[in-house]
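# Understanding the architecture of this molecule
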Amino acid sequence: MRALIIGGGIGGLTTALSLHAAGIDCRIVESAAQLKPLGVGINLQPHAVRELTELGLGDALERTGVRTSFMTFTDRFGGVIIALPRGLSAGYRWPQYSIHRGELQMLLLEAVRERLGADAVVTGTTFEDFVQDEDGVTARLSTGEERADVLVGADGIHSAVRARLHPHGDHLQWCGVQMWRGVAEGEPFMDDATVLVAGSNAVAKFVAYPVSARARERGRALINWVAEVKVAEPGVVELADWTGQGRLEEVLTHFADWKHALLDIPGVIAATERILAYPMVDRDPLDGWGSGRVTLLGDAAHPVYPIGSNGGSQAVLDARVLARCLATAGRPEDGLAAYELERREATNALVRAHRELPMESTLRLVAERAPQGFGDIADVLTAAELAETAEAQRRLTDMDVEELNRRASWSVA
């Protein structure tokens, strides 16, 4: 069996490694002329770290990322609302890593080229269309046609493969929140391993966490940050570019007067060399991803609002399940159908859960009840409200600890 993967991002590269480990030949086609360590930070949840560890990448993740200890929610002044343990601190056998997306991509790319060969990833080549028959699928690329047994669209939220499979009514849905993102080197904050979430995007919200083990070794922190502000009513947008340029003054206007007890938020923003601007968008869940010998994976299949630190992790799970299903099915079509059956409803449920913005109601409530800050959260929220807050975040991010710890491996000999 031979698979052609469209897209050389986290999902596509992990798919290649997973298929190779399962004994399935594959190749990646990427539209970018060159793959570079671009972007900002990402979190890998324990369920994804387990899969990458089983692919032999555990040591590389440890050398590159930061083991996340807590996800701590505060008001705009730094008053702690709730601190949720993450990764090993939460009882998982695998850590959560905060890591630079570009470094993770390069880590995966190096492993693909080392294991599958230098020509396993073809860059500067765009996907245009496909046709399939009983014996396989032919992809039409900018460089010509290529034949494979299966075609996997792992080409992101603007997936060209998805557009061919679902050409009508599949618009980008914007919740009205504008995001600005960046990375800046600075002094370590808190325990140098916490994901800090401050404020509410009803007014302004700021997320920050360290992403570099190498910066840590120098006594510094490479701080990934995300600023979120509700600027419009929800609606459809035609384009959302992850590389769109943001301006310092348009971000800083929302945070210039913040005096946060745990982090100099205006200082982190001002120290950022390049700011990216992006609307918080997703797409409506699909009733079916693929057809016959063609399927979707990662953001091409189920893009979510980036509020649960789980989008990239779900792409890793997709890749591992896809490889297992293809390796154990009698026919390629049956393998893709089994993969979609296992993953589609689970990920569609996550898309819907993210749209509820479940943490926002609690964060707004704190801002309304204690607009000038607080000393003890027990004076602001009841124990039941705090428990509901923890459960809301768990629905977006976590897998059951015991279930993940005891589940059999998805690896295929």
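For the structure, see preceding data.
Residues numbered from 1 in each chain as written. Predicted model: local features only at pLDDT ≥ 70, side-chain atom pairs only at ≥ 80, totals over all residues. Heavy atoms only, no water.

## Here's the deal with the side chain of threonine 64
Structurally, the position occupied by threonine 64 is in helix α3 (residues 58–64). A relative accessible area of 6% means that threonine 64 is categorised as buried. (Helix = DSSP H or I, 4+ residues; strand = E, 2+ residues; numbered from the N terminus. Buried < 20%, exposed > 50% of the residue type's maximum accessible area, 1.4 Å probe, protein only.)

## Brief notes about the nonpolar core
With 67 residues, the main nonpolar core has Leu44, Leu61, Leu108 and Leu151 as its most contacted residues. A total of eight residues in this core trace back to one element, the largest contributor, which is helix α9 (residues 311–328). (Core = buried A, V, L, I, M, F, W, Y, C linked by side-chain atoms within 4.5 Å.)

## Examining the sheet that holds strand β11 (residues 144–148)
Sheets are built from strands that pair by backbone hydrogen bonding, the pairs being arranged parallel or antiparallel. Reading across the sheet, the three strands line up as β9-β10-β11 and stay open at both edges, with antiparallel pairing between neighbours. Every other strand in the sheet has two partners, leaving β9 (127–133) and β11 as the edge strands with one partner each. Adjacent strand axes in the sheet meet at a mean angle of 20° when their direction is disregarded. For β9 and strand β10 (residues 136–141), the ladder comprises six bridges, and the chain directions are antiparallel. (Pairing = 2+ DSSP bridges. Axes fitted to C-alpha atoms, helices over the stretch in contact; angles between N-to-C directions.)

## Some words on the sheet that holds strand β7 (residues 97–100)
Read across the sheet, three strands follow the order β3-β7-β4 without closing on themselves; strand pairing throughout is antiparallel. With one partner strand each, in any of the chains shown, β3 (41–44) and β4 (66–67) form the two edges of the open sheet. Contacts between helix α4 (residues 101–116) and the sheet are confined to β3 and β7, with β7 contributing the most and set at about 90° to the helix. (Contact = heavy atoms within 4.5 Å.)

## A closer look at the pattern of salt bridges
The tally for this structure, following the rule as stated, stands at 33 salt bridges. For the salt bridge of arginine 247 with glutamate 250, the shortest nitrogen-to-oxygen distance reads 3.4 Å. Overall, the relative accessible area of 44% leaves arginine 247 in the partly exposed class. Taking the relative accessible area as the measure of exposure, glutamate 250 reaches 24% and is therefore partly exposed. Note that aspartate 284 is salt-bridged to arginine 355, the shortest N-O span being 2.8 Å. Taken together, the residues aspartate 284 in the loop between β18 (276–283) and β19 (294–296) and arginine 355 in helix α10 (residues 332–355) connect sequence positions 71 residues apart. Overall, arginine 355 belongs to the partly exposed group, its relative accessible area being 31%. Among the charged side chains, a network of salt bridges with common partners joins Arg50, Glu51, Glu54, Arg320 and Arg407. (Salt bridge = Lys/Arg side-chain N within 4 Å of Asp/Glu carboxyl O.)

## Focus on the packing of aromatic side chains
Evaluated as defined, the whole model comprises four aromatic pairs. Consider the rings of phenylalanine 255 and tryptophan 258, whose centres lie 4.9 Å apart with planes at 65°: the pair is edge-to-face. The exposure classification of phenylalanine 255 matches that of tryptophan 258, with both residues buried. By way of ring pairs, the aromatic residues Phe206, Trp225, Phe255 and Trp258 are connected into one cluster. (Phe/Tyr/Trp six-rings, centres within 6.5 Å; stacked < 30°, edge-to-face > 60°.)

Note that every value here comes from positions in space, so none of it alone points to a role or purpose.
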